[in-house]
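Chain by chain, the residues:
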Amino acid sequence: MDLGTAGLLVAGGVGAGLTGSMAGLASLVSYPVLLAAGLPPVAANMTNTVALMASTVGSGVGARRELHGQGRRIAGLSGIAVGGGVAGALLLLWTPSEAFERIVPGLIVLGALVLLFRTSVRDWYLRPGRRPPLGLAVFLISVYGGYFGAAAGVLLLAVLAVAVTEPFPVTNAVKSMVLGVANLVAAILYALTGPVHWAAAALLAAGCLIGSWTGPALVRRTPERPLRVAIALAALGLAAYLWSTAA
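Residues numbered from 1 in each chain as written. Predicted model: local features only at pLDDT ≥ 70, side-chain atom pairs only at ≥ 80, totals over all residues. Heavy atoms only, no water.

Draft legend 1. Broad picture of the UniProt feature "transmembrane region" (unreviewed entry) in the protein chain. Cross-referencing UniProt, the feature "transmembrane region" (unreviewed entry) maps to residues 42–62, 74–97, 103–121, 133–164, 184–214 and 226–244 in the present numbering. Its end C-alpha atoms 21 Å apart, residues 184–214 is made of 87% helix and 0% strand. (UniProt positions renumbered as here; feature names shortened; annotations may be inferred. Helix = DSSP H or I, 4+ residues; strand = E, 2+ residues; numbered from the N terminus.)

Okay, here's the thing in structure tokens:
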């Protein structure tokens, strides 16, 4: 691996850590960076999941204030997330690489649309008789997170935001910890059985740790909407590019 590629991975990790801890969009930055570094799609996805564990650590340290008193709530939701993360990881291991390349652009589009129309999604979720149980929603999002994960944090953030009334930074911090558990079980499976590129994972993780440590402080001060819209539009562009290359 040359110096330029190593620098790209570290810089991409910083960006992924920031966007992940602020908006739940780490994979929309880190996954294309791994592709640009030359990793094939499935290996890039598994390497990405392993590296993003550093983002969970950084977010936890940076959001200590918001996480105070949330232990029991996080533990309950994390128990559900473990099952979903395992299911998603196994689904990826059993999915042919060609199918994965076809599915991923659609998943990215889904995440981008949730970002752009999050208010409408929340309104739908709040309608009587239509809202799925919180546990079921967390499980399904964790399956998605274990499988691919791009914008899984946004989906989880939207669900948690309508399930309880609390300051946004608190909901965001809880989201990061619960999704981190889902990613952890997937990362363990990938580390034991998948084609993880460990050098790329280490460089990406180093950047993720820095970015995610900084993110919670920025969440306390930064307007959220402009960031969501900009990343959603970039995600749609990425989805179009991946679809064209997979065709």
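Now, onward.
Draft legend 2. Spatial organisation of the side chain of Ser-55. Inspection of the secondary structure assignment puts Ser-55 in helix H4 (residues 53–62). Here Ser-55 is in contact with Gly-17, Cys-208 and Ser-212, once residues within four sequence places are set aside. (Contact = heavy atoms within 4.5 Å.)

Draft legend 3. Expanded view of the confidence of the model for the protein chain. For the protein chain, the mean per-residue pLDDT works out to 83, and 91% of the residues sit at or above 70. Summarising per-element confidence for the protein chain, the mean pLDDT is lowest in helix H8 (residues 118–126) (72) and highest in helix H3 (residues 41–51) (91). (pLDDT = per-residue confidence, 0-100.)

Draft legend 4. Here's a closer look at empty space enclosed by the protein. In this structure the tally under the stated criterion is two cavities of 30 Å³ or more. One number sums up the size of the largest cavity: a volume of about 240 Å³. For the largest cavity, the lining is made up of 21 residues, of which Ala-26, Leu-52, Ser-55, Leu-179 and Asn-183 are closest to its centre. Looking at the lining of the largest cavity, the elements with two or more residues in it are helix H1 (3–23), helix H2 (26–36), H3, H4 and helix H11 (168–193). Sorting elements by how many residues they give to the lining of the largest cavity places H11 first, with five residues. The residue inventory of the lining of the largest cavity, partitioned by class, reads five nonpolar, 15 polar and one charged. Roughly 50 Å³ of internal volume is contained in the second largest cavity. Contributing to the lining of the second largest cavity are ten residues, with Ala-63, Pro-169, Asn-172, Ala-173 and Pro-216 lying nearest its centre. At the level of secondary structure, the elements contributing two or more residues to the lining of the second largest cavity comprise H11 and helix H12 (198–219). (1 Å grid on protein atoms, 1.4 Å probe; cavity = no way out; pocket = protein on both sides within 12 Å on 5 of 7 lines; lining within 4 Å. Points joined across faces, edges and corners; volume = space filled by probe spheres on them. Nonpolar A, V, L, I, M, F, W, Y, C, P; charged D, E, K, R; others polar.)

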